[in-house]
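# Structural overview
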Amino acid sequence: MSYTRVQVFEMPQSWSETMKMFQKTVKPELNALKKQKVVSSWSLVQTGDSNGLLIVNFPNKAAMNKYLKIMAAVRRDIEADTGAQSWVYHGPVKASG
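Notes on the structure in this doc start here. (Residues numbered from 1 in each chain as written. Predicted model: local features only at pLDDT ≥ 70, side-chain atom pairs only at ≥ 80, totals over all residues. Heavy atoms only, no water.)

## As for the nonpolar core
Membership of the largest hydrophobic core comes to 21 residues, with the highest contact counts inside it found for Val26, Leu30, Val39, Phe58, Tyr67 and Met71. For this core, the elements supplying multiple residues, two or more each, are strand 1 (2-10), helix 1 (15-35), strand 3 (51-58) and helix 2 (61-82). Those residues in contact with Val26 that lie beyond four places of it in its chain are Met21, Met71, Val74 and Ile78. (Core = buried A, V, L, I, M, F, W, Y, C linked by side-chain atoms within 4.5 Å. Buried < 20%, exposed > 50% of the residue type's maximum accessible area, 1.4 Å probe, protein only. Helix = DSSP H or I, 4+ residues; strand = E, 2+ residues; numbered from the N terminus. Contact = heavy atoms within 4.5 Å.)

Put into structure tokens, the structure is as follows:
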């Protein structure tokens with residue numbers, strides 16, 4: 001059973017500044033995890049001037065837990081440096097039909 005994790009975030013800076021920071025710190029980590037097959041896929045969606053969603057899919061719960069351990073430090077550093085806020089929702093995805 002695959003798992004999806006959605007992180008809703010709000011940054012005090014503009015979207016362009018957020019994207020520069022994302023390209024430098026988060027994207028390389030996500031791509032490395034995808035190469036290791038910890039992450040099945042990920043996408044970033046802008047939802048406002050300084051808000052967004054990071055949607056990450058995992059092949060199983062063990063992979064999601066590995067992701068959490070690796071990315072927790074990255075998220076804490078970003079929140080400490082920028083004053084960002086984030087909320088996370090996750091759960092299993094069941095096939096239908």
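## Quick word on helix 1
Along helix 1, the largest kink reaches about 45 degrees and is centred on Gln23. Listing the buried residues of helix 1 in full gives Trp15, Thr18, Met21, Phe22, Val26, Leu30 and Leu33. (Bend = angle between axes of the 7 residues up to and from the residue.)

## Structural notes on the environment of Met11
Relative to the helices and strands, Met11 resides in the loop between strand 1 and helix 1. In this structure Met11 comes out as buried when scored by relative accessible area, which is 6%. Note: C-alpha distance between Met11 and Asp49 (38 residues apart in sequence) is 9.0 Å. With residues up to four places along the chain from it excluded, the contact list for Met11 reads Thr18, Met21, Ser50, Asn51, Ile78, Thr82 and Ala84.

## A closer look at the packing of helix 1 against helix 2
Remark: helix 1 packs on helix 2, axes separated minimally by 11 Å, with the N-to-C direction vectors making an angle of 175 degrees. Classified by the interaxial angle, the pair formed by helix 1 and helix 2 is roughly antiparallel. Facing helix 1, whose interface residues are Met21, Thr25, Val26, Glu29, Leu30 and Leu33, helix 2 presents Tyr67, Ile70, Met71, Val74 and Ile78. Here the residues of the contact of helix 1 with helix 2 are counted per class, giving nine nonpolar, one polar and one charged. (Axes fitted to C-alpha atoms, helices over the stretch in contact; angles between N-to-C directions. Parallel < 35°, antiparallel > 145°, perpendicular 65-115°, else oblique. Nonpolar A, V, L, I, M, F, W, Y, C, P; charged D, E, K, R; others polar.)

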